[in-house]
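Residue strings, one per chain:
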Amino acid sequence: MKRSLALGATSVAIIFALGFTFYVLTAPGAPVRNLASSSSTQTTSQGGQNAPAETGYACSIPAINSQNFCDQLPPGYQIAPRLPAGPAAYCRAGMIDSACALIKQTFANGVCDPNETVWTDPLDCGCTGAVAGDPFTGRCGSPATVCQLQALQEDQAAYNKG
């Protein structure tokens, strides 16, 4: 009797673990890599470092410094049509005219486009769960708790040193 109960509990635990893993890997907020890019870096128009292609952000990094000046998309990038019930586009204070014009084309289309960050288009690039916008990449992924902030700062400092 005890053995069959233990076997049943183990089976339930395995099924739960597999289900949880499947959910994490297929959740709507799961990071998606841009498979259309074949180069390892994107070009920049505002100077600074080149953004790695896997970040999805097409302008110089840290994104928190360049998001108001990001007025480019990768060559051949197709802009998805706007969502029918999407809110009107808006431009942030300090955003240059060319970046504002591009945001108005890509805003609220259901895709986190390479010129957008979690702050310039929270509808398309917004974070879910216990993550916040990463100021370096402009995408979701930074922990939303104070306890993990020190490790994030250390990782970024190590990256900056090269």
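The structure under discussion appears in the preceding block.
Rules behind the numbers
- Numbering of residues starts from 1 in each chain and follows the order in which that chain's sequence is written.
- Restriction of local features to residues with pLDDT of at least 70 applies here, the model being predicted, together with a cutoff of 80 or more for giving and counting side-chain atom pairs; totals for whole chains, interfaces and linings are based on all residues.
- Only heavy atoms go into the side-chain values, all of them from the structure, while hydrogens and water stay out.
- Secondary structure elements follow DSSP: runs of H or I of four or more residues count as helices, runs of E of two or more count as strands, with numbering from the N terminus.
- For every residue, the accessible area (1.4 Å probe, protein chains only) is compared with the maximum for its type, and the residue is labelled buried under 20%, exposed over 50%, or partly exposed between those bounds.
- Residue contacts follow a heavy-atom distance rule, with two residues in contact if any of their heavy atoms lie within 4.5 Å.
- Accessibility throughout is a Shrake-Rupley quantity obtained with a 1.4 Å probe, and a residue counts as covered only by protein chains that appear here.
- When two cysteine sulfur atoms lie within 2.5 Å, the pair is treated as a disulfide.

Caption draft 1: Main features of the overall build of the protein chain. On a plain count of helices and strands, the protein chain comes out with five helices and two strands. Mapped in sequence order, the helices and strands of the protein chain form the string α-α-α-α-β-β-α. For the protein chain, with 162 residues in total, the buried portion stands at 29%. For the protein chain, the share of sequence-separated contacts (at least 6 apart) that also reach a separation of at least 24 residues comes to 43%. As displayed, the protein chain offers around 10,400 Å² of accessible surface, 63% of which is attributable to carbon and sulfur atoms.

Caption draft 2: Main features of unusual backbone geometry. Ile 61 connects to Pro 62 through a cis peptide bond whose omega is 5°. Positionally, Pro 62 belongs in the loop between helix 1 (2-26) and helix 2 (63-66). Residue Ala 108 is not a glycine yet carries a positive backbone phi of 55°. Note on placement: Ala 108 falls in the loop between helix 3 (97-106) and helix 4 (122-125).

Caption draft 3: Local environment of the environment of Cys 140. Here Cys 140 lies in strand 2 (residues 140-143). Those residues within four positions of Cys 140 in sequence are excluded, and the remaining contacts are Val 118, Cys 125, Gly 126, Cys 127, Val 131, Ala 132 and Gly 133.

Caption draft 4: Quick peek at the state of the cysteines. Summed over all chains, the structure comprises four disulfides. One disulfide bridge connects Cys 59 with Cys 70, the sulfur atoms lying 2.0 Å from each other. Here the S-S torsion is close to 80°, and the disulfide linking Cys 59 with Cys 70 is therefore right-handed. Separated by 11 residues along the polypeptide, Cys 59 in the loop between helix 1 and helix 2 and Cys 70 in the loop between helix 2 and helix 3 bring together distant segments of the chain. Looking at Cys 59, the relative accessible area reads 2%, which means it is buried. Accessibility expressed as a relative area gives 1% for Cys 70, which makes it buried. The disulfide partner of Cys 91 is Cys 100, and the gap between their sulfur atoms is 1.6 Å. As the torsion about the S-S bond is roughly 75°, the Cys 91-Cys 100 disulfide counts as right-handed.

Note that all results are geometric; they support no functional claim without further evidence.
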